[in-house]
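# Tertiary structure, described
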Amino acid sequence: MTYPATVRAIEAELARLAADHPALCTRTVAPNRTHEGRSVSYVTVTGAVGGRPVLLTGGIHAREWAPPDALLSLLDRLLRAYEDDTDLVVPAFTDTAPARDITYPAASIAAADVRRIVERVELNVLALINPDGRAFSQSSAANALWRKNRRPPRAGSSCAGVDLNRNYDIAWDFERYYDGAGDAAVSASKDPCDFQVYIGPSPASEPETRNVASILRDRRIAFYVDTHSFSRKILFPWGMDDDQTRDSAQNWRNPEWDGRRDGAPGGPYGEFIPAALLDEHVRIGQAMREAILGAAGSDPRALARSAYDVEPSLALYPTTGTASDFAASLQFDGEAPAPRVISYTLEIGSDADGEGGFQPVPAIYPKIEREVHLALMAFLRAAAG
Amino acid sequence: MQLIRIAGPTEPMRRLAEVDGLDFERTSARRLGDDRWQVSGYATDGALEALRERGLEVEAVVEPEQLAEQRRVLFSRLEADQAREAEEQ
């Protein structure tokens, strides 16, 4: 499979992985077809019964081309390393674009860790959530920045698409949720013609959203990463408001706060997260960061270009209806799929250093890929316990 | 169209969604100081002008020609793959 992969190549690679590793790998077609009639499939890797359920996703935003490719190559490397009982090797990479080449050395994850992961984790990978959007984004340079899915326009409108990462059933109705300032800053819109962040006609209205939600619920996912680009960040809940650990009554379900949430750091309202859960997110996030940074070698330029920030999702713009917050919310909604859910948004790559923003060129893609592999292997090590 | 970084005080930076022709990546927001932020995004010429009119600083990260060349490389590869897939069907 060559980067950037077409939608068809991604589906073919999923089928190949399942066919080549039948004892370990099962391919499942998600229950809902997309608006354009495509099926979405994911693979489950299980080396033993009863592993901790993990979900890795990518491609929710059509224009972010690298994450699905990197998730599939990670699966390939993991399965081959396990079956051969060898280390998982992330090859060295030399970036030849700068005036002086930058070399990132090879890194390896020990065979014992690979074994522990495969035998103690039930690993689900849905590499491409939004195939319709990706196909559209890859149809011409004029469409390259398309972000949403391809929900058809309403009668009398020409505006297609929903931002799937605003469509999950958590604080979906942002106008009810925030005060005026928070409402003005929130990264969400009820206008179907909004090119970026239209939330859809109702919570989880989109088949792609329901596919992910059903895996999260049905498989009782306890560890989740949604892989995006770009900004070299490892983000953890919450995106709706700033985190606080003191007052459990300040939460997205409490109607007493409706219209009064500020959606900004500081301020009277903060989204509650138990202290132990916050600490665990910081700890695992730091391990993911260190995995990338620790494999960057000694060249200061490589180190600077491998430095990811670990921080809560809320920065300048509050977000509602996101996959990562929704996954985390399930542990509080009474359907608790697990005693706790660890959930991240991994934002890979950069606008700078020749990394190409949403669409890295093939020459730099191996750097992006290695960062995904190193971070997610650290995550999987944590999930394996 | 070019890839840019925008910097400025919190209040106008929280209202970037109002700028036509600007497609910014929200998670790229970085705090530069007490009341200053930086965000990356793709901008048309019209958006660049609107950003400057709002008193925001704009720095080009990938110039239009370079962005067009990156797209050319990517789409030539995609078109080759899509043609091969069509033949295989």
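This one's a predicted model, so the numbers in the text were calculated from it and none came from an experiment.

### Points about helix α3 (residues 64-88) of chain B
Within an α-helix, residues lying three or four positions from one another point in the same direction, as the helix has 3.6 residues per turn. In this model, α3(B) (25 residues) spans 36 Å end to end at C-alpha, consistent with the 36 Å of a helix rising 1.5 Å per residue. Looking at the buried side of α3(B), the elements it contacts are α1 (7-20) and α4 (131-137) of chain A together with β1 (2-9), β3 (36-43) and β4 (57-62) of chain B.

### Thoughts on the sheet that holds β3(B)
The strands making up a sheet associate through backbone hydrogen bonding, with each pair oriented either parallel or antiparallel. All names here are of chain B. Across the sheet, which stays open at both edges, the 4 strands sit in the order β2-β3-β1-β4 with antiparallel pairing between neighbours. Each having just a single partner strand, β2 (22-33) and β4 make up the two edges of the open sheet. Taking each pair of neighbouring strands and ignoring which way they run, the sheet shows an average axis angle of 25°. In the sheet, β1 pairs with β4 via 5 bridges, with the strands oriented antiparallel. Counted as the bridge partner of I6 is V58 from β4.

### Remarks on the pairing of strand β3 (residues 52-58) of chain A
Residue and element names in this part refer to chain A. Summarising burial for β3: 6 of the 7 residues are buried, a large majority. Pairing analysis gives 6 bridges linking β3 to strand β8 (residues 121-126), with the strands arranged parallel. Note on β8: the bridge partner recorded for R52 is V121. As judged from the 5 bridges shared by β3 and strand β9 (residues 223-229), these two strands associate in the parallel manner. Across the sheet, the residue bridging to L56 is V225, located in β9.

### Focus on the layout of surface pockets
Here the largest pocket defines a volume of roughly 560 Å³. In this structure, the largest pocket is lined by 32 residues; those nearest its centre are D194(A), Q196(A), A17(B), L22(B) and R26(B). The element contributing the most residues to the lining of the largest pocket is β2(B), with 4 residues. Across the lining of the largest pocket, the residue classes tally to 17 nonpolar, 4 polar and 11 charged.

### A word on the nonpolar core
Of all hydrophobic cores here, the largest spans 105 residues; its most connected members are V54(A), L56(A), L123(A), L216(A), Y344(A), M377(A) and F379(A). Top element by residues in this core is helix α11 (residues 365-384) of chain A. It accounts for 12 residues.

### Focus on the packing of aromatic side chains
Inspection of every chain in the model, using the stated rule, returns 16 aromatic pairs over all chains. Here the aromatic rings of Y177(A) and Y178(A) are separated by 4.8 Å at their centres, their planes lie at 85°, and the arrangement is edge-to-face. With a centroid separation of 6.2 Å and 50° between ring planes, the pair formed by W238(A) and F332(A) is classed as tilted. Of this pair, W238(A) sits in the loop between β10 (233-236) and β11 (243-244) while F332(A) sits in the loop between α10 (323-329) and β14 (342-348), and the two are 94 residues apart along the sequence. You can call W238(A) buried: its relative accessible area is 1%. In this structure an aromatic cluster arises from ring pairing among F136(A), W146(A) and F195(A). Sitting over the ring of F136(A), R150(A) keeps its end group 3.6 Å from the ring centre. Lying across the ring of F24(B), R26(B) places its NZ or CZ 4.2 Å from the centre.

### As for the side chain of T34(A)
Residues and elements named next belong to chain A. Here T34 is to be found in the loop between β1 (25-29) and β2 (41-46). The exposure class assigned to T34 is buried, which follows from its relative accessible area of 6%. Setting aside chain neighbours within four positions, we find T34 in contact with V40, P131, D132, P207 and E208.

### Things to note about the confidence of the model for chain B
Averaged over every residue, the pLDDT of chain B is 95; residues scoring 70 or more account for 100%. Note on the complex model: pTM 0.97, ipTM 0.95.

### With respect to the pattern of salt bridges
Tallying each qualifying case throughout the model produces 40 salt bridges over all chains. Between R80(A) and D76(A) there is a salt bridge, and its shortest N-O distance comes to 3.1 Å. A residue pair is termed a helical-turn pair when its members lie 3 or 4 positions apart in one helix, as R80(A) and D76(A) do in helix α2 (residues 66-84) at 4 residues. Residue R30(B) pairs with D309(A) through a salt bridge whose shortest N-O separation is 2.4 Å. Taken as a pair, R30(B) in strand β2 and D309(A) in strand β13 (residues 309-312) lie in two separate chains rather than in one. Judged by its relative accessible area of 29%, R30(B) falls in the partly exposed class. Under the relative-accessibility criterion, D309(A) is labelled partly exposed at 26%. Salt bridges here are not isolated pairs; linked through shared partners, they connect D95(A), R232(A), R305(A), D353(A), E355(A), K367(A) and E371(A).

### Brief notes about the interface of chain A and chain B
Each partner contributes residues to the interface: chain A has 52 residues there, and chain B has 35 residues. Contact between chain A and chain B buries roughly 3,500 Å² in total, counting both sides, with carbon and sulfur atoms accounting for 56%. Per-residue buried area on chain A facing chain B is highest for L316(A), Y317(A) and D351(A); these three make up 21% of the total on that side. Joining chain A to chain B, the criterion identifies 3 salt bridges. If you look at where chain A meets chain B, you find 20 residue pairs in polar contact (both at pLDDT 80 or more). For the side of chain A that touches chain B, the elements supplying multiple residues, two or more each, are α1, α6 (180-185) and β10 of chain A. At 4 residues, the largest contribution of residues to the side of chain A that touches chain B is made by α6(A).

### A closer look at the pairing of β2(B)
All names here are of chain B. Where β2 and β3 come together, 7 bridges link them in antiparallel fashion. In the sheet register, R31 faces β3, and the bridge partner there is W37. Where β2 folds back onto β3 in an antiparallel hairpin, the turn is made up of 2 residues.

Reading the values: the criteria
Residues numbered from 1 in each chain as written. Chains lettered and ligands numbered in written order. Predicted model: local features only at pLDDT ≥ 70, side-chain atom pairs only at ≥ 80, totals over all residues. Heavy atoms only, no water. Helix = DSSP H or I, 4+ residues; strand = E, 2+ residues; numbered from the N terminus. Expected span 1.5 Å × (residues − 1). Contact = heavy atoms within 4.5 Å. Pairing = 2+ DSSP bridges. Axes fitted to C-alpha atoms, helices over the stretch in contact; angles between N-to-C directions. Buried < 20%, exposed > 50% of the residue type's maximum accessible area, 1.4 Å probe, protein only. 1 Å grid on protein atoms, 1.4 Å probe; cavity = no way out; pocket = protein on both sides within 12 Å on 5 of 7 lines; lining within 4 Å. Points joined across faces, edges and corners; volume = space filled by probe spheres on them. Nonpolar A, V, L, I, M, F, W, Y, C, P; charged D, E, K, R; others polar. Core = buried A, V, L, I, M, F, W, Y, C linked by side-chain atoms within 4.5 Å. Phe/Tyr/Trp six-rings, centres within 6.5 Å; stacked < 30°, edge-to-face > 60°. Lys NZ or Arg CZ within 6 Å of the ring centre and 35° of its normal. pLDDT = per-residue confidence, 0-100. Salt bridge = Lys/Arg side-chain N within 4 Å of Asp/Glu carboxyl O. Buried area = accessible area lost by both parts, 1.4 Å probe. Polar contact = N/O pair within 3.5 Å; in protein donor to acceptor, adjacent residues only side chain to side chain.

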